[in-house]
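Inside the fold
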Amino acid sequence: MIKIEQVNKTFVVKKREIHALQAINLEIHAGEIFGIIGYSGAGKSTLIRCINLLERPTTGSISVDGEELTSLNAKGIREVRKKIGMIFQHFNLMPSRSVLGNVLFALKKSPLSKEDKLKKATDLLGLVGLSHRMNAYPSNLSGGEKQRVAIARALANDPKVLLCDEATSALDPETTASILKLLKDVSQQLHITIVLITHSMDVIKEICDRVAVIEGGRVKEEGNVLEIFSNPKSDVTKQFVAQSSGINKVYELIEQDAPIVALDEDEMLIRLTYSGGTAKDALIYELTKKFDLRTNIIFGDIGIIQGTAIGTLVVSCCGKQGDREAALNYIQSQGVKVEVMKSC
């Protein structure tokens with residue numbers, strides 16, 4: 001559905017060149033939810049704005065549904081944009097128009113009759129769960145309701161692609177979850193390709209099929225979300241995954257020599273990374289039974305990504321050195337990644 005080839009974007013600020021995007025190559029499949037994640041300044045917002053040519057690439061090409069946008073004139077780009085919806089972090093609603101009026105405005109140049117426009121706008125508001133708020137104004141809506149209006153408006157012209165620019169960043173966690181569920185439902189019901197940019201790995205693992213990790217204007221890693229979480233390769237991806245699991249806090253406690261991670265003689269602190277069927281195994285019990293180790297779980301985070309259990313445990317193991325080494329070999333033989341975080 002979307003093909004990005006060798007895209008570069010350079011801005012000139014006070015006679016200084018800023019390379020916002022460098023040699024970006026991505027293919028986004030029809031009907032999937034594709035995430036782009038990066039820290040502030042990574043280039044992700046520039047990239048998503050290049051997809052509908054709100055920003056024109058300095059070099060390279062972008063094709064949507066088989067049509068190369070970078071070769072089109074202004075009129076051609078306007079026509080293609082009708083099939084590319086976009087929603088923003090701060091909603092961009094028209095304050096002087098009602099909820100219904102905001103959606104109808106998107107249909108202003110539609111060839112539909114007045115009655116059909118009204119029906120379509122009403123149906124879309126029903127789809128996003130706002131039938132009861134059609135006559136309200138943006139100032140009277142919650143953040144989640146505003147974003148639902150923005151989604152309905154973005155769907156008004158039957159787009160094939162929906163671009164989401166930090167669509168949940170201004171929302172609280174509960175509202176974020178409801179908006180992500182809505183986007184997933186929209187993708188499935190209307191067969192729309194969604195491109196979502198965020199700085200939150202929790203958003204990525206909740207909704208996306210595949211993800212590209214971007215840093216310094218370059219794609220550092222790309223792949224299936226489950227694969228990226230199970231086996232991150234680049235440093236920046238490892239940082240995102242660690243932040244999502246909360247494991248960074250354990251490393252901080254180790255650096256601070258906090259009492260919770262203090263070790264006795266013949267004790268070690270290990271990190272276990274589970275994925276798939278290994279998350280169901282009674283591994284901690286086996287360590288105690290097979291190797292005569294005293295074990296204690298210090299930290300745990302196990303979640304579900306694409307129907308597969310994946311997570312991290314930090315466990316203290318106390319026993320003879322030979323038993324500890326045998327236990328580490330056994331853990332690895334069970335398909336569980338293991339890291340010795342601290343030993344004594």
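Residues numbered from 1 in each chain as written. Predicted model: local features only at pLDDT ≥ 70, side-chain atom pairs only at ≥ 80, totals over all residues. Heavy atoms only, no water.

1. Re the overall build of the protein
- Helix and strand content of the protein: 12 helices and 14 strands.
- Dimensions of the protein, computed from the C-alpha atoms along their principal axes, are close to 80 × 50 × 35 Å.
- Here the protein, with 344 residues, has 48% of them falling under the buried criterion.
- Long-range pairs, those at least 24 residues apart, make up 68% of the contacts in the protein with a sequence separation of at least 6.
- When the accessible area of the protein is evaluated, it comes to approximately 17,000 Å², of which 48% is carbon and sulfur surface.
- Treating the 43 positive side-chain charges of the protein as one cloud and the 41 negative ones as another, the clouds have centres 10 Å apart. (Helix = DSSP H or I, 4+ residues; strand = E, 2+ residues; numbered from the N terminus. Buried < 20%, exposed > 50% of the residue type's maximum accessible area, 1.4 Å probe, protein only. Contact = heavy atoms within 4.5 Å. Areas by Shrake-Rupley, 256 points an atom, 1.4 Å probe, with all protein chains shown as cover. Lys, Arg positive; Asp, Glu negative; His and termini not counted. Charge placed at Lys NZ, Arg CZ, Asp CG, Glu CD.)

2. What about the sheet that holds strand β6 (residues 84-88)?
- Read across the open sheet, the six strands follow the order β6-β7-β8-β3-β9-β10; overall the sheet is mixed. Whereas interior strands pair on both sides, the edge strands pair on one side only; in this sheet they are β6 and β10 (218-224). Along the sheet, successive strands turn relative to each other by an average axial angle of 15°, direction set aside.
- Taken together, the six bridges between strand β9 (residues 210-215) and β10 define a ladder with antiparallel strand orientation. Bridging from a neighbouring strand, Ala 212 pairs with Glu 222 of β10.
- Together, β3 (33-37), β6, β7 (161-165), β8 (193-198) and β9 form the strand contacts of helix α1 (residues 44-51), whose direction differs from that of β8 by roughly 155°.
- Each of β3, β9 and β10 is contacted by helix α9 (residues 235-245), which is oriented at about 115° to β9, the strand it contacts most. (Pairing = 2+ DSSP bridges. Axes fitted to C-alpha atoms, helices over the stretch in contact; angles between N-to-C directions.)

3. Things to note about the pattern of salt bridges
- A complete count under the given rule lists 19 salt bridges for this structure.
- Residue Glu 145 pairs with Arg 133 through a salt bridge whose shortest N-O separation is 3.5 Å. You can see Glu 145 sitting in helix α5 (residues 143-154) and its partner Arg 133 sitting in the loop between α4 (114-127) and α5, a full 12 residues away along the chain.
- The exposure class assigned to Glu 145 is buried, which follows from its relative accessible area of 18%.
- On the basis of relative accessibility, which here comes to 22%, the residue Arg 133 falls in the partly exposed class. (Salt bridge = Lys/Arg side-chain N within 4 Å of Asp/Glu carboxyl O.)

4. So, the sheet that holds strand β11 (residues 267-275)
- Ordered by their spatial adjacency, four strands build an open sheet running β12-β13-β11-β14, and the pairing between neighbours is antiparallel. A single partner strand is all that each edge strand has here, and the edge strands are β12 (294-305) and β14 (337-343). Direction aside, the axes of adjacent strands within the sheet are offset by 15° on average.
- Seen against the sheet, helix α10 (residues 247-255) touches β11, β12, β13 (308-318) and β14 and runs at an angle of roughly 25° to β14.

5. Here we look at the pairing of β7
- Burial analysis of β7 places five of its five residues in the buried class, the great majority of the element.
- Every second residue of β7 is oriented toward a common face, with Val 161, Leu 163 and Asp 165 on one face and Leu 162 and Cys 164 on the other, all of them buried.
- Two elements, β6 and β7, share five bridges in a ladder whose sense is parallel. Residue pairing for β7: Ile 87 is matched across the bridge by Cys 164.
- This β-α-β element, β7 to helix α6 (residues 173-190) to β8, shows right-handed connectivity. (Right-handed = clockwise from strand over helix to strand, strands pointing away.)

6. So, the packing of helix α11 (residues 283-291) against helix α12 (residues 321-333)
- Contact pair α11 / α12: the axes reach a minimum separation of 10 Å and the direction vectors enclose 140°. On the basis of the axis angle, α11 is oblique to α12. In the packing of α11 onto α12, the handedness of the crossing is right-handed. Along the contact surface, α11 presents Leu 283, Glu 286, Leu 287, Lys 290 and Phe 291, while α12 presents Asp 323, Ala 326, Ala 327, Tyr 330 and Ile 331. (Parallel < 35°, antiparallel > 145°, perpendicular 65-115°, else oblique. Left-handed = near helix turned anticlockwise from the far one by under 90°.)

7. Considerations on the domain arrangement of the protein
- If you check the domain split of the protein, you get domain 1 (2-244) and domain 2 (247-343).
- Each of domain 1 and domain 2 has a C-alpha centre, and the two are 39 Å apart.
- Across the boundary between the two partners, domain 1 contributes 12 residues, which contact eight residues of domain 2.
- Summing both sides of the interface, domain 1 and domain 2 together bury roughly 870 Å²; the carbon and sulfur share of this comes to 51%.
- The largest per-residue losses of area from domain 1 upon contact with domain 2 belong to Leu 226, Ser 230 and Ala 242, which jointly make up 54% of the total buried on that side.
- The tally of links between domain 1 and domain 2 comes to zero salt bridges.
- Linking domain 1 with domain 2 are three residue pairs in polar contact (both at pLDDT 80 or more), by the criterion used here.
- Those elements that provide at least two residues to the side of domain 1 that touches domain 2 are α8 (225-230) and α9.
- In terms of residue count, α8 provides more of the side of domain 1 that touches domain 2 than any other element does, four residues in total. (Domains from an automatic or database assignment. Buried area = accessible area lost by both parts, 1.4 Å probe. Polar contact = N/O pair within 3.5 Å; in protein donor to acceptor, adjacent residues only side chain to side chain.)

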